[in-house]
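Inside the fold
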Amino acid sequence: QVQLVESGGGLVQPGGSLRLSCAASVSMFRIFVMGWYRQGPGKERELVAVISSGETTNYADSVKGRFTVSRDNAQKKVYLQMNSLKPEDTAVYYCNARWGAEDFWGQGTQVTVSS
């Protein structure tokens, strides 16, 4: 079983930055594809960014150029650096770990972008 714990969410003004972290309790962290998803008010959960075991990254069009996903296999963590935040980025952000048929989710961390 994999446990994922997100941190780093909070309230930030438009144009500000936040860095989300996700700590994973798993022995073979490096083989997992790690992703960040979000679910805004009244919206479906959507992919934000994903990073493969080989550190290939992919982003939603809405965050390209503003968000950066990275991973530290030694620390078993994945990060999401969010810059130039907009009110439409307001959502609960979830960490995801996937390998084959295995698919694990964290509890989520709230990000609110408001003045």
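Whatever comes next refers back to the structure up there.
Note that the coordinates shown come from a computational prediction; the quantities given were computed from them, not determined experimentally.

1. Observations concerning unusual backbone geometry
- If you check the backbone angles, lysine 76 has positive phi at about 60° while not being a glycine.
- Tracing the backbone through its elements, the reader meets lysine 76 in the loop between β7 (67-72) and β8 (77-82).
- Residue class for lysine 76 comes out partly exposed when judged on its relative accessible area of 28%.

2. Here we look at the sheet that holds β8
- Taken in spatial order, the four strands of this open sheet run β1-β3-β8-β7, and their pairing is antiparallel. Whereas interior strands pair on both sides, the edge strands pair on one side only; in this sheet they are β1 (3-7) and β7. Taken pair by pair, the neighbouring strands of this sheet meet at an average axis angle of 15°, ignoring direction.
- Of the strand pairs in this sheet, β7 and β8 are connected by six bridges, and their pairing is antiparallel. Paired with aspartate 72 across the bridge in β8 is lysine 77.

3. Observations regarding the nonpolar core
- Counting 31 residues, the largest nonpolar core has Leu4, Met34, Trp36, Leu80, Met82 and Tyr93 as its most contacted members.
- Mapped onto this core, the elements with two or more residues apiece are β3 (18-25), β4 (33-39), β5 (46-51), β7, β8, β9 (91-99) and β11 (109-113).
- The residues touching leucine 4, leaving out its near neighbours within four places in the chain, are Cys22, Ala23, Ala24, Met34, Cys95, Asn96, Ala97, Phe104, Trp105, Gly106 and Gln107.

4. Side note on the pairing of β4
- Across the seven residues of β4, five count as buried, placing the element largely inside the fold.
- Sheet topology places β4 next to β5; five bridges connect them, and they run antiparallel. Note on β5: the bridge partner recorded for glycine 35 is valine 50.
- Between the antiparallel neighbours β4 and β5 lie six residues, among them glycine 42 with a positive phi of about 70°.

5. Observations regarding the pattern of salt bridges
- Taken as a whole and assessed by the stated rule, the structure comprises five salt bridges.
- Aspartate 89 is the salt-bridge partner of arginine 38, the closest N and O atoms lying 2.9 Å from each other. Residue arginine 38 is found in strand β4, and its partner aspartate 89 is found in the loop between β8 and β9; the two are separated by 51 residues along the sequence.
- For aspartate 89, a relative accessible area of 1% corresponds to the buried category.
- For aspartate 89, the salt bridge identified is with arginine 66, shortest N-O distance 2.8 Å. In this pair, aspartate 89 sits in the loop between β8 and β9 while arginine 66 sits in the loop between β6 (57-59) and β7, placing the two residues 23 residues apart along the sequence. Per residue, the accessibility class of aspartate 89 equals that of arginine 66, and both read buried.
- Sharing partners across several salt bridges, the network here consists of Arg38, Glu46, Arg66 and Asp89.

Conventions adopted
Residues numbered from 1 in each chain as written. Predicted model: local features only at pLDDT ≥ 70, side-chain atom pairs only at ≥ 80, totals over all residues. Heavy atoms only, no water. Helix = DSSP H or I, 4+ residues; strand = E, 2+ residues; numbered from the N terminus. Buried < 20%, exposed > 50% of the residue type's maximum accessible area, 1.4 Å probe, protein only. Pairing = 2+ DSSP bridges. Axes fitted to C-alpha atoms, helices over the stretch in contact; angles between N-to-C directions. Core = buried A, V, L, I, M, F, W, Y, C linked by side-chain atoms within 4.5 Å. Contact = heavy atoms within 4.5 Å. Salt bridge = Lys/Arg side-chain N within 4 Å of Asp/Glu carboxyl O.

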